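So you can see what is in the structure, the chains are spelled out below.
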Amino acid sequence: MMVAAALYTIRRLLGRLRPLPFYVTSRFPNTLDSEQNIDQTVICFKATQVPADLVDKLERLALVDFRTREGLACLERAIRFADQLHVVDTSGVEPMDSVQEHRQLFLRGDVVTEGDCAEKLLQLSSTTEEEYFVAPPGNIPLPTREDRASMLKHS
Amino acid sequence: MTQRRPETGRALVATGNMAACAVLGTAPPLHVNKLSCLFYRKVCDVHRHGVARRFRSTRVPDQELVGVVGLEVHAQIRSSTKLFSAAEVGFSAPPNSLVSFFDASLPGTLPVLNRRCVEAAVTTALALGCTVNRKSLFDRKHYFYADLPAGYQITQQRRAVAVDGRLVYSLLGGRKRSQVQTKTVRIKQIQLEQDSGKSLHDDQRCQTLIDLNRAGVGLMELVMEPDMSCGEEAAAAVRELQLILQALGTCQGNMSEGQLRVDANVSVHRPGEALGVRTEVKNINSARFLSRAIDYEIQRQIEALERGEAVQNETRMYDSKSGHTIPMRDKEGLQDYRFMPEPNLPPLVVYEDRRSVPEGAGPGAVVLEALRESLPELPSARRGRLVRSYGLLPEHSFTLVNEDGLMEYFEAVVKETRKEPRKVIGWVTNELLGHLKQHNLSVSDCPVPPSALAELLELQEAGHISTSVAKQVLQLMWMDPGKGAQEIVREQDLGLVCDSGDLQSVCQRVLDSNPDQVRALREGNKKVFNRLMGLVQKETKGRADPVLVRRILEDKTS
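Residues numbered from 1 in each chain as written. Chains lettered and ligands numbered in written order. Predicted model: local features only at pLDDT ≥ 70, side-chain atom pairs only at ≥ 80, totals over all residues. Heavy atoms only, no water.

Enquirer: Go over the overall build of chain A, please, and point to the residues and values.
Expert: Tallying secondary structure elements over chain A gives 7 helices and 3 strands in all. If you list the helices and strands of chain A from N to C, you get α-α-α-α-α-β-α-β-β-α. Split into buried and exposed, the 155 residues of chain A put 33% on the buried side. At a minimum sequence separation of 6, the contacts of chain A that also span at least 24 residues come to 69%. (Helix = DSSP H or I, 4+ residues; strand = E, 2+ residues; numbered from the N terminus. Buried < 20%, exposed > 50% of the residue type's maximum accessible area, 1.4 Å probe, protein only. Contact = heavy atoms within 4.5 Å.)

Set out below in structure tokens:
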């Protein structure tokens with residue numbers, strides 16, 4: 001899910017594409033390994049090299065780690081994979097958001113059937129206090145790339 | 001695609017903190033929905049002109065700077081369960097007791113939309129004259145915050161449930177605050193979204209406690225266009241919205257419990273010119289503070305420009321103690337919400353009428369026709385009806401509608417007495433409301449039921465007691481509920497003294513002991529007459545029949 005979200009962001013940041021239907025990108029991680037699926041000949045965009053500061057921004061946004069050479073290569077392959085979509089002629093076709101678009105959205109009655117399971121939920125948390133979950137104070141922004149690298153080295 | 005301004009989304013986070021403060025023990029005022037017409041009292045033009053005059057003396061602009069105010073209102077939907085889960089909605093329940101697995105974002109859980117929440121949003125939209133989108137879409141808006149466990153909020157970014165409405169509200173203006181000025185603010189859209197959990201900050205131990213009871217509660221976010229110009233207008237608009245939501249039953253509208261949360265976008269400009277740089281003011285938890293915060297912010301911006309400084313596009317927090325707005329700690333510049341379509345929810349479809357509901361949609365489909373038909377009488381219509389059918393003044397109709405239950409009380413009294421409604425209204429809005437305010441009670445807690453007040457007014461109308469005695473009796477009824485007006489009058493011997501002989505002697509006594517006044521009266525000073533009347537009433541403890549006293553005094557002094 002994180003990779004898919006990140007991919008969605010990349011597309012917007014690169015500003016080359018209109019937003020991708022989500023279901024396409026969500027399927028992406030499964031097909032990532034089968035590089036042969038990607039038809040290299042039809043890809044007309046070559047700008048799949050991702051600049052370091054863009055990677056940094058993505059990491060900060062998505063809290064996904066692309067640190068390694070493999071990570072970056074994976075990201076670039078992902079973009080290349082998605083770029084295949086440009087080959088398809090979609091003129092005159094209304095874009096879809098979801099394959100369930102024409103399904104009825106089920107509406108639930110307003111009756112309480114859930115909740116009252118604080119104990120069960122709190123068990124899942126490493127730190128709790130009384131009936132509260134405990135989190136660090138405020139948002140701690142992800143450190144800059146350099147600090148992050150040294151932090152991870154020591155961890 | 002509606003491009004939402006990046007700052008607006010912080011609402012959730014900030015309000016989370018604010019509400020947490022409330023939990024921590026800054027005592028919230030109890031009867032916030034009874035602010036009545038406090039904000040009608042202040043004249044915003046005075047403030048603005050004051051500022052403008054000062055401004056003119058330093059530089060020479062053609063036109064004065066005026067404030068421009070737009071609001072974003074988050075209204076908690078009044079429902080039994082949350083927007084996407086069947087966990088209960090409740091205020092001040094034990095922490096994390098009202099949380100489902102979905103609300104805690106456990107893997108494998110999916111959102112199931114609550115029909116009641118959709119109907120509440122659509123009903124509100126209809127009452128505000130919005131165009132309801134037949135098809136609306138859900139999106140994910142990402143932010144990383146501990147009280148938002150999924151890391152995103154499900155909201156409606158691309159196509160909201162309703163757009164293009166208007167809120168008509170009124171201000172009382174003019175010298176005697178009796179002129180009703182009607183204004184309109186456009187409503188850009190109404191969207192459904194999830195509320196966040198609450199964070200309690202423990203500074204000493206450097207940690208944050210998270211309560212997810214509120215996480216996932218349904219919100220209607222109403223985005224208003226910048227059509228207002230001062231705090232008084234904004235407060236009146238919010239008050240009207242509050243009344244509408246309460247009449248519809250779609251939101252309880254209690255600001256101190258965070259059921260209605262308002263963020264204000266404030267800028268200043270010269271009329272006709274482009275809008276100035278705006279700031280967003282948060283942390284406003286009452287209508288009075290809203291008005292003050294906005295007026296402070298307008299003045300601050302005008303003064304900044306006056307000094308030749310620029311207004312920064314920033315988020316500011318209202319500090320109710322100092323009455324100032326202060327910049328919030330600079331959050332990270334990166335504010336990309338990574339909006340994306342919510343993959344787990346197909347589009348939400350509402351239907352115009354029963355016939356257009358396709359087969360298979362089930363009985364649960366949301367039908368506009370049915371919701372439109374069940375719209376209750378709205379506050380503006382109520383006021384209009386009160387003015388028309390009882391001949392009340394508009395300001396009285398405001399007081400009756402503003403106070404929860406007061407209109408019903410008034411109508412019940414009118415039904416049981418022959419007294420004219422126009423005479424009853426003073427008793428209800430002055431005497432009764434005064435007593436209620438003094439004892440900090442709501443109408444539903446009033447110890448004097450409408451029938452008892454009606455009985456009292458009957459006695460006065462029939463001439464059995466005087467007005468001042470009636471007021472005394474009301475006081476006694478208040479202290480000793482259950483005792484009828486008639487009973488009190490009999491016990492305390494408060495009935496009107498109509499005996500001519502008794503009154504003759506009282507009047508004579510008063511005249512004898514005030515020879516100066518009598519002389520003044522005979523010399524033509526007519527004002528003295530009322531003073532003598534007053535003295536007679538004082539002697540009789542307000543029980544003397546005023547008509548008789550007048551006649552006797554006239555006879556004796558002519």
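There is more to say after this.
Enquirer: Explain the nonpolar core to me, and be specific about the residues and the numbers.
Expert: Residues and elements named next belong to chain B. Counting 70 residues, the largest nonpolar core has Leu 71, Val 122 and Ile 190 as the members making the most contacts within it. Setting aside its immediate chain neighbours within four residues, Ile 190 contacts Thr 124, Ala 125, Leu 128, Cys 130, Gln 156, Ala 160, Val 161, Ala 162, Met 220, Glu 221 and Leu 222. In terms of nonpolar packing, the next biggest core, distinct from the first, is built from 39 residues, Leu 400, Val 448, Leu 457 and Trp 478 among them. (Core = buried A, V, L, I, M, F, W, Y, C linked by side-chain atoms within 4.5 Å.)

Enquirer: I'd like to hear about the pattern of salt bridges, residue by residue, with values.
Expert: Residue and element names in this part refer to chain B. This model, assessed by the stated rule, comprises 28 salt bridges over all chains. A salt bridge links Arg 550 to Glu 554; the shortest N-O distance between them is 3.9 Å. Taken as a pair, Arg 550 and Glu 554 lie in helix α17 (residues 546-557) at a separation of 4 residues, close to a single helical turn. Residue Arg 550 is classed as partly exposed on the basis of its relative accessible area of 36%. With a relative accessible area of 38%, Glu 554 lands in the partly exposed category. Each of Glu 297, Arg 300, Glu 314 and Arg 316 takes part in a single network of salt bridges with overlapping partners. (Salt bridge = Lys/Arg side-chain N within 4 Å of Asp/Glu carboxyl O.)

Enquirer: Give me the packing of aromatic side chains: which residues, what numbers.
Expert: Residues and elements named next belong to chain B. Summed over all chains, the structure comprises 6 aromatic pairs over all chains. Ring centres of Phe 84 and Phe 102 lie 6.5 Å apart, and the angle between their planes is 70°; this geometry places the pair in the edge-to-face category. Here the residue Phe 84 occupies a position in the loop between β1 (66-76) and β2 (113-114), and Phe 102 occupies one in the loop between β1 and β2, the gap between them amounting to 18 residues. Between Tyr 390 and Phe 410, the ring centres sit 5.3 Å apart and the planes meet at 85°, which makes this aromatic pair edge-to-face. A residue pair is termed long-range when its members are at least 10 positions apart, and Tyr 390 in helix α7 (residues 379-390) and Phe 410 in helix α9 (residues 406-415) qualify at 20 residues. For Phe 410, a relative accessible area of 0% translates into the label buried. If you follow Lys 141 out to its NZ or CZ, it ends over the ring of Tyr 337, 4.6 Å from the centre. (Phe/Tyr/Trp six-rings, centres within 6.5 Å; stacked < 30°, edge-to-face > 60°. Lys NZ or Arg CZ within 6 Å of the ring centre and 35° of its normal.)

Enquirer: Residues and numbers for the sheet that holds strand β13 (residues 279-284) of chain B, please.
Expert: Residue and element names in this part refer to chain B. A sheet is described by the order of its strands in space; here 9 strands give the open sequence β3-β7-β8-β11-β1-β12-β13-β14-β15, paired in mixed fashion. Strands with a single pairing partner mark the edges of an open sheet, and in this sheet they are β3 (131-132) and β15 (324-327). In the packing of helix α4 (residues 231-248) onto the sheet, the strands contacted are β1, β7 (162-173), β8 (179-194), β11 (218-224) and β12 (260-269), and the crossing angle to β7 comes to about 115°. Strand contacts of helix α5 (residues 287-306): β1, β12, β13, β14 (315-319) and β15, with the helix running at about 25° to β12, the strand carrying the most contacts. (Pairing = 2+ DSSP bridges. Axes fitted to C-alpha atoms, helices over the stretch in contact; angles between N-to-C directions.)

Enquirer: Got a sec to walk through the interface of chain A and chain B? Specific residues and values, please.
Expert: Each partner contributes to the interface: chain A provides 46 residues, whereas chain B provides 58 residues. Summing the contributions of chain A and of chain B, the shared interface buries around 4,700 Å²; its carbon and sulfur component is 60%. Sorting the residues of chain A by area buried against chain B places Leu107(A), Arg108(A) and Tyr132(A) first, and these three jointly supply 16% of that buried surface. A salt bridge links Arg205(B) to Glu129(A); the nearest nitrogen and oxygen atoms lie 2.9 Å apart. (Buried area = accessible area lost by both parts, 1.4 Å probe.)

Enquirer: So what about the pairing of β12(B)? Which residues, and what values?
Expert: All names here are of chain B. Burial of β12 is extensive: 10 of the 10 residues sit out of reach of the surface. Where burial is concerned, the two faces of β12 agree: the one with Leu 260, Val 262, Ala 264, Val 266 and Val 268 and the one with Arg 261, Asp 263, Asn 265, Ser 267 and His 269 are both buried. The sheet contact formed by β1 and β12 spans 10 bridges and is antiparallel. Bridge pairing in β12 links Val 66 to His 269. Two strands pair when backbone bridges link them, and β12 and β13 are joined in this way by 4 bridges, in the antiparallel orientation. Within β13, the residue paired with Ala 264 across the bridge is Val 281.

Enquirer: So what's going on with the confidence of the model for chain B? Residues and values would help.
Expert: Of all residues in chain B, 87% have pLDDT values of 70 or greater, and the mean over the chain is 84. Here residues 1-60 of chain B scores under 50 on pLDDT; set against residues more than four positions off or in separate chains, the count is 139 contacts. (pLDDT = per-residue confidence, 0-100.)

Enquirer: For the confidence of the model for chain A, give the residues involved together with the corresponding values.
Expert: Here chain A averages 69 in pLDDT, and 52% of its residues register 70 or above. Here residues 15-36 of chain A scores under 50 on pLDDT; set against residues more than four positions off or in separate chains, the count is 39 contacts.

Enquirer: Please set out the packing of helix α11 (residues 450-461) of chain B against helix α12 (residues 467-479) of chain B residue by residue, giving values where relevant.
Expert: All names here are of chain B. Running from N to C, α11 and α12 point in directions that differ by 160°, and their axes come no closer than 10 Å. On the basis of their axis angle, the class for α11 and α12 is roughly antiparallel. Considering only the axes of α11 and α12, their crossing is right-handed. In this structure, α11 contributes Ala 452, Leu 453, Leu 456 and Gln 460 to the contact, and α12 contributes Thr 467, Ala 470, Val 473, Leu 474 and Met 477. Tallied by class, residues from the contact of α11 with α12 come to 7 nonpolar, 2 polar and no charged. (Parallel < 35°, antiparallel > 145°, perpendicular 65-115°, else oblique. Left-handed = near helix turned anticlockwise from the far one by under 90°. Nonpolar A, V, L, I, M, F, W, Y, C, P; charged D, E, K, R; others polar.)

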